Amino acid sequence: MKIKTVSTYYARMKGLLGTSQHQLEFDALHLIPCRGVHTYGMKYSLDLAFLNKKGEVIACKRNVPPNEACSSPKGTRSVLERPASPCPWLQPGDYIPSE
């Protein structure tokens, strides 16, 4: 999986906002640090994976529609997001090494 990491305040706030779900040059966006995600202003739904400080997936949410706030579980340190897809996605217990 090709992951793009963003860590500045403005890059994390923007996330995938303003992108086309079919023209990304990466599979998922890694927001670090990040404890919550919103989809306000998005034109498409997102799949989300919440990671702890070790890079372990602790929870996932699929097909989160535009214009919603998404709370994260306790222990979330970062979030991976991608355009919603029927393709397989991460599961709790999976590990994503940090850059």
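**Q** Which residues make up the overall build of the protein chain, and what are the values?
**A** Within the protein chain one finds one helix and seven strands. The N-to-C order of helical and strand elements in the protein chain reads β-α-β-β-β-β-β-β. For 99 residues, the compact-globule estimate of 2.2 N^0.38 gives 13 Å, and the protein chain sits close to it at 12 Å. Judged by the C-alpha coordinates and their principal axes, the protein chain covers about 30 × 30 × 25 Å. A separation threshold of at least 6 residues defines the contact pool for the protein chain, and within that pool the share at least 24 residues apart is 66%. In the structure as shown, the protein chain presents an accessible area of about 6000 Å², 52% of it carried by carbon and sulfur atoms. Side chains of the protein chain give 13 positive and 8 negative charges; the mean places of these two sets differ by 7 Å.

**Q** Quick one: what's the story with the sheet that holds strand β2 (residues 28-31), residue by residue and with numbers?
**A** Hydrogen bonds between backbone atoms are what pair the strands of a sheet, whose relative direction is either parallel or antiparallel. Spatial strand order, β1-β2-β7-β4-β5: five strands in an open sheet with mixed pairing. Of all strands in the sheet, those with a lone pairing partner are β1 (3-6) and β5 (57-64), marking the two edges. Ignoring which end each strand starts from, the neighbouring axes of this sheet average 20° apart. In the sheet, strand β4 (residues 46-51) pairs with β5 via five bridges, with the strands oriented antiparallel. Among the inter-strand pairings, Leu-48 is bridged to a residue of β5, identified as Lys-61.

**Q** Break down the nonpolar core for me, with residues and values.
**A** Core analysis: the largest hydrophobic core is formed by 16 residues, its most contacted members being Leu-16 and Leu-48. Mapped onto this core, the elements with two or more residues apiece are β2, β4 and β5. The element best represented in this core is β4, accounting for three residues. In contact with Leu-16, other than residues within four places in its own chain, are Leu-24, Phe-26, Leu-29, Met-42, Tyr-44, Leu-46, Glu-81, Arg-82 and Pro-83. Counting residues in each nonpolar core, the second largest holds eight residues, with Ala-49, Val-57, Leu-90 and Ile-96 among its members.

**Q** Break down unusual backbone geometry for me, with residues and values.
**A** Across the junction of Ile-32 and Pro-33, the peptide omega takes the value -10°, indicating a cis bond. Within the secondary structure, Pro-33 sits in the loop between β2 and β3 (37-38). Its identity is not glycine, yet Asn-63 carries a phi of approximately 55°, on the positive side. Despite not being glycine, Asn-67 shows a phi value in the positive range, around 65°. Along the chain, Asn-67 falls in the loop between β5 and β6 (69-70).

**Q** Hey, could you go over the layout of surface pockets for me, with residue numbers and the actual values?
**A** Considering only enclosed or pocket space, the largest pocket measures out at about 230 Å³ in volume. Lining the largest pocket are 19 residues, with Arg-12, Met-13, Leu-31, Gly-36 and His-38 positioned closest to its centre. When residues of the lining of the largest pocket are traced back to their parent elements, those giving at least two are α1 (9-14) and β3. With four residues, α1 is the single largest residue contributor to the lining of the largest pocket. Considered class by class, the residues forming the lining of the largest pocket number 11 nonpolar, four polar and four charged.

Procedures and definitions
Residues take numbers from 1 onward in each chain, read along the sequence in its written order. Owing to the predicted nature of the model, reporting of local features is limited to residues with pLDDT of at least 70; listing and counting of side-chain atom pairs is limited to 80 or more, with chain, interface and lining totals taken over all residues. By convention in this description, side-chain values take in all heavy atoms of the structure and omit both hydrogens and water. Only runs of H or I of at least four residues qualify as helices and only runs of E of at least two qualify as strands under DSSP, and these elements are numbered from the N terminus. Only C-alpha atoms enter the radius of gyration; for comparison, a globular chain is expected to reach 2.2 Å times N to the power 0.38, where N is the number of residues. Residues are treated as being in contact if the distance between any of their heavy atoms lies within 4.5 Å. To be clear on the numbers: accessible area is Shrake-Rupley with a 1.4 Å probe, and residue cover counts the displayed protein chains and nothing else. In this tally Asp and Glu are treated as negative and Lys and Arg as positive; neither His nor the chain ends contributes. Throughout, a charge is located at the NZ atom of Lys, the CZ atom of Arg, the CG atom of Asp or the CD atom of Glu. DSSP bridges decide pairing: two strands pair if at least two such bridges lie between them. Between N-to-C directions, angles cover 0 to 180 degrees, with each direction set by a line fitted to C-alpha atoms, over the stretch in contact for helices. Buried Ala, Val, Leu, Ile, Met, Phe, Trp, Tyr and Cys residues that are joined via side-chain atoms within 4.5 Å together make up what is termed a nonpolar core. When accessible area is computed with a 1.4 Å probe and restricted to protein chains, residues below 20% of their type maximum are described as buried, those above 50% as exposed, and intermediate ones as partly exposed. The method works on a 1 Å grid over the protein atoms by themselves. A cavity is a set of points holding a 1.4 Å probe that cannot get out, a pocket is an open set with protein on both sides within 12 Å along at least five of seven lines, and residues with an atom within 4 Å of a point line them. Grid points are joined across faces, edges and corners, and a volume is the space filled by probe spheres set on the points. Amino acids outside the nonpolar list (Ala, Val, Leu, Ile, Met, Phe, Trp, Tyr, Cys, Pro) and the charged list (Asp, Glu, Lys, Arg) are all regarded as polar, and Gly is one of them.

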